[in-house]
Structures are given as structure tokens and as C-alpha cells.
Amino acid sequence: MRTLQLRGDLVEWRLVDDEVIALDLRTSRYLGLNPTAALLWQAVAAGAKEAALIDQVLQEFAVNREQA
């Protein structure tokens, strides 16, 4: 299974409370990510495998594997 990573040279981001604020350095557009997306973003920033992301969602939230 593939490893997912952020392009660190193209995005700056910070964790603020339980949310992520990310800035696209090419376009100067920013994103505000909710706590669910922030959890996954941090895992991808660390170089997570796709299966690990699914497992993390299953552990944190009441969803089935297909939803995760």
C-alpha cells in the first residue's frame, strides 16, 4: 500500500486547537480543516500509509470500514 505525504515545499500549516490551518504557497489560498480532517492531515504530514489512515478513522469515529 502506498505512503501518502504532503509536499512540504508547497504548503505551510499549523495546528490550532483541534483544527489545521493550511496555506498553499503557490496560490496564497488557505484551508481550514475540521478536527476529523486535521487528524488525517497530521498523519499524512508524518508519512502515513493509506491503511493506517483508515484504521485511525475507525478507532476515532463510529463509522464502518467503507465509510472510513
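Residues numbered from 1 in each chain as written. Predicted model: local features only at pLDDT ≥ 70, side-chain atom pairs only at ≥ 80, totals over all residues. Heavy atoms only, no water.

A. Layout of the overall build of the protein. Of regular secondary structure, the protein possesses 2 helices and 5 strands. C-alpha atoms of the protein, sized along the principal axes, occupy 35 × 25 × 15 Å. Expressed as a percentage of the 68 residues in the protein, the buried residues total 16%. Carbon and sulfur atoms make up 50% of the accessible area of the protein, which amounts to about 5,100 Å² in all. Charge-centre separation for the protein: the mean point of 7 positive side chains lies 9 Å from the mean point of 10 negative side chains. (Helix = DSSP H or I, 4+ residues; strand = E, 2+ residues; numbered from the N terminus. Buried < 20%, exposed > 50% of the residue type's maximum accessible area, 1.4 Å probe, protein only. Areas by Shrake-Rupley, 256 points an atom, 1.4 Å probe, with all protein chains shown as cover. Lys, Arg positive; Asp, Glu negative; His and termini not counted. Charge placed at Lys NZ, Arg CZ, Asp CG, Glu CD.)

B. Expanded view of unusual backbone geometry. Located in the positive-phi region is Asp17, a residue other than glycine, with phi close to 55°. As for its position among the elements, Asp17 is in the loop between β2 (11–16) and β3 (19–24). A positive phi is found at Ser28, a non-glycine position, where the angle reads about 65°. Here Ser28 is to be found in the loop between β3 and β4 (30–33).

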